[in-house]
Amino acid sequence: MQTKIAFLLVLLLSGCNYSPDKNTKSHPRNDLIKTEGEMVAELTAPPNVPAPVGNRPAKKLKVELEIVERESELSDGVKYIFWTFGGSVPGSFIRGRVGDEVEFTLENHPDNKLPHNIDLHAVTGQGGGAEASFVAPGHKKTFTFKLINPGLYVYHCATAPVGMHIANGMYGLILVEPEGGLPPVDREYYVMQGDFYTKGNYGDPGLQPFDMQKAIAEHADYVVFNGKVGALTGDKALTAKVGETVRLFVGNGGPNIVSSFHVIGEVFDKVYVEGGDLINENIQTTLIPAGGAAIVDFRVEVPSTLILVDHSIFRAFNKGALGMLKVSGDRNDKVFSGEVLSGIYRPEGNVIQEISPSEPKPVRAVALSKAEKIKLGQQIYDRSCFACHQPDGQGLPNAFPPLAKADYLNEDVDRAIAAVIRGLSGEITVNGKKYHSVMPAQVLTDEETASVLTYIYNSWGNNGTEVTPEMVSKIRNSK
Ligand code: CU
């Protein structure tokens, strides 16, 4: 009996052990914030975001969003019918502040085939607005809601089959800034991950229909940022200058895959965890759930090409979840020196590793044009080559030879083909400098090999050679 009383006492005491912190403060009554005047919301397509709210008072905020079903590219040469909010994947970025009263009009374009609606996670109310906004093609629906909770929120279509509508690209972000706005930064960008399910495999060309069985099994063919493989690479890379502060509004539309969001070559100074008030600092990788978001802030200190990835890493290098942020400006050798010393360290010996082969791919009936090869080749390069040879083919001093204006490459195309399909080891000399690195054999089809080499030969001041699958096949069968 006495132990029982003692136990109850402990329970009572621990129950009373609250400190007077955030957890016990009552939540602010943002539903009571008064509005002054009205404005039409600026909407932007990714990777852009509307202007910050700054110090403006809460207003009546008019949002007009049009649903468009349209064919576009999921990867170069791969077509897909996307269903979109505002014509882009992810949909238009919406930006308001706490206390705003949103008058939301959802328009379903008359050329569309299906009814749709919208569930905004920032909405307090039935279905996040889903029922109120359900709209047939050629119609529009208006409903209103008050932004009570600051944060970064996902919106998505919630029309059955919900998974299919999301899988086709029907998601985006709505930012609700706190009173006075978020702390200002130099650059803000909109990045949203999504997973896609196609009848064909990754990279199979042509119009690819949605595959419901793969979606149910959660076997994504593509995991991409901003709706397309390469949406944020090459000349579409995000940019910043040394010394600037960068803010990424990162969402994850899913429908299935949780993102391990990471930026190679950078540490997040601040993460607004799950897009809410909690700020974590000095973070390498932040989890972004499907149907969730995060805000990441960082200052860029040195010039480099930062690589945005889902660090569930096969998704980055094999399914498309890879973007770039190019930072230009002056070096700062105190922060990062680049290589200062190089030597050979090869405990596993000289054996060239081969990336294990998959099923042979069917040969295309019609040969690719030179321009098509260059397009496909760039994709393969971004996936398989650029980590060593670098985005502009400049290589890494003393480690990986340059491909740009490289005599080794331009003097002998057969030698270049052999290097790609068989790998390369031992000392070679490129533009007068010696290299000792090991290049693994690439498992690519003849067409892929021809394309990536054609891309390389037609970039960065090289001699413009066009490589054909027949030339590759000849070398492959030569011994
Ligand atoms: Cu829909």
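Fair warning: this is a prediction, and the values are worked out from it, not measured in the lab.

Rules used in this analysis
Residues numbered from 1 in each chain as written. Predicted model: local features only at pLDDT ≥ 70, side-chain atom pairs only at ≥ 80, totals over all residues. Helix = DSSP H or I, 4+ residues; strand = E, 2+ residues; numbered from the N terminus. Buried ≥ 20, exposed ≤ 12 C-beta atoms within 10 Å, placed from the backbone. Contact = placed C-beta atoms within 7 Å. Axes fitted to C-alpha atoms, helices over the stretch in contact; angles between N-to-C directions. Parallel < 35°, antiparallel > 145°, perpendicular 65-115°, else oblique. Nonpolar A, V, L, I, M, F, W, Y, C, P; charged D, E, K, R; others polar. Left-handed = near helix turned anticlockwise from the far one by under 90°. Pairing = 2+ DSSP bridges. Core = buried A, V, L, I, M, F, W, Y, C linked by C-beta atoms within 7 Å. Domains from an automatic or database assignment. Expected span 1.5 Å × (residues − 1).

*Asks:* Sorry, what's going on with the overall build of the protein chain here?
*Replies:* Along the backbone of the protein chain there are 11 helices and 23 strands. Here the protein chain holds 479 residues, and the buried ones make up 40% of them. The long-range fraction of contacts in the protein chain, counting pairs at least 24 apart against all pairs at least 6 apart in sequence, stands at 71%.

*Asks:* Just to check I follow, could you spell out the packing of helix α9 (residues 413–422) against helix α11 (residues 469–476) for this structure?
*Replies:* Describing two packed helices takes the angle between their axes plus the distance from one axis to the other. For the pair α9 and α11, the least separation of the axes is 10 Å and the interaxial angle reads 70°. Overall, the two elements α9 and α11 adopt an arrangement that is roughly perpendicular. Across the interface between the two elements, D414, I417, A418 and I421 of α9 pack against M471, V472, I475 and R476 of α11. The residue inventory of the contact of α9 with α11, partitioned by class, reads six nonpolar, no polar and two charged.

*Asks:* Whenever I open this one, the environment of T445 confuses me. Can you help?
*Replies:* With respect to the helices and strands, T445 occurs in the loop between β23 (433–435) and α10 (446–457). Sequence separation between T445 and I421 is 24 residues; the distance between their C-alpha atoms is 9.1 Å.

*Asks:* What's the story with the packing of α10 against α11 in this structure? I'm lost.
*Replies:* Packing of α10 against α11 brings their axes to within 8 Å, and their N-to-C directions diverge by 115°. Our classification of the angle between α10 and α11 gives roughly perpendicular. Crossing of α10 against α11: the hand is right-handed. Residues D446, E447, T449 and A450 of α10 form the contact with α11, whose participating residues are P469, M471, V472, S473 and R476. Taken together, the residues of the contact of α10 with α11 sort by class into four nonpolar, two polar and three charged.

*Asks:* Would you mind showing me how to read the sheet that holds strand β19 (residues 292–299) here?
*Replies:* Strand order in this open sheet of six strands is β12-β10-β14-β19-β16-β17, and the pairing throughout is mixed. Pairing within the sheet leaves two strands with one partner each, and these edge strands are β12 (222–225) and β17 (279–283). For this sheet, the mean inter-axis angle between neighbouring strands, taken without regard to orientation, is 20°. Where strand β16 (residues 268–272) lies against β17, four bridges are found, and the strand directions are antiparallel. Across the sheet, the residue bridging to F268 is I283, located in β17.

*Asks:* What exactly am I supposed to notice about the pairing of strand β21 (residues 322–328) here?
*Replies:* Regular strands show a simple pattern: their side chains alternate between the two faces of the sheet. Within β21, five of the seven residues are buried, which leaves it mostly tucked inside the rest of the structure. Pairing of strand β13 (residues 238–241) with β21, which is carried by four bridges, proceeds in the parallel orientation. Within the sheet, the bridge partner assigned to A240 lies in β21 and is V327. The pairing of strand β20 (residues 304–310) with β21 spans six bridges and is classified as antiparallel.

*Asks:* Would you mind showing me how to read the nonpolar core here?
*Replies:* Most often, soluble globular proteins keep nonpolar side chains buried together rather than apart. Y153, L173, I174, F249, V250, A294 and L308 are the most contacted members of the largest nonpolar core, which has 84 residues in total. There are two domains that each give this core at least three residues, and those are domain 1 (30–179) and domain 2 (188–328). Setting aside anything within four residues of it in sequence, one finds F249 in contact with V49, L152, L173, L175, E188, Y190 and I295. Of all hydrophobic cores here, the second largest spans 22 residues; its members include L376, V420, V452 and I456.

*Asks:* Teacher, can you tell me more about unusual backbone geometry here?
*Replies:* A negative phi angle is the norm for most residues apart from glycine, just as the trans form is the norm for most peptide bonds. Residue P90 follows V89 across a cis peptide bond; omega there is -5°. For P90, the position within the fold is in the loop between β3 (78–85) and β4 (94–97). A cis amide bond links G254 with the next residue in sequence, P255, at an omega value of 15°. Of note, N431 is a non-glycine position whose phi angle comes to about 50°, a positive value. Within the secondary structure, N431 is located in the loop between β22 (428–430) and β23.

*Asks:* So what exactly am I meant to see when it comes to α10 here?
*Replies:* Because the α-helix completes a turn every 3.6 residues, residues three or four places apart line up on one side. For α10, which comprises 12 residues, the first-to-last C-alpha distance of 16 Å matches the rise-based estimate of 16 Å (1.5 Å per residue) to within 8%. Along α10, the positions that sit buried rather than exposed are D446, E447, E448, T449, A450, S451, V452, L453, T454, Y455, I456 and Y457. Of the surrounding secondary structure, the elements contacted by the buried residues of α10 are α6 (370–384), α9 and α11.

*Asks:* I would appreciate a short explanation of the sheet that holds β13 in the present structure.
*Replies:* For sheets, the rule is that strands pair by backbone hydrogen bonds, running either parallel or antiparallel. The five strands are arranged β13-β21-β20-β15-β18 in an open sheet whose pairing can be described as mixed. Each end of this open sheet is capped by a strand with a single partner; those strands are β13 and β18 (285–288). Taking the axes of each pair of neighbouring strands and ignoring which way they run, one obtains an average angle of 20° across the sheet.

*Asks:* Even after reading the chapter, I still don't get α6, so can you show me in this structure?
*Replies:* Over its 15 residues, α6 runs 20 Å from end to end, which matches the ideal 21 Å to within 8%, given 1.5 Å per residue. Counted residue by residue, α6 has 11 buried out of 15 residues, so it is predominantly covered. Considered for burial, the residues of α6 that qualify are K373, I374, L376, G377, Q378, Q379, I380, Y381, D382, R383 and S384. Against β2 (60–75), α5 (314–318), α7 (386–389) and α10 lie the buried residues of α6.

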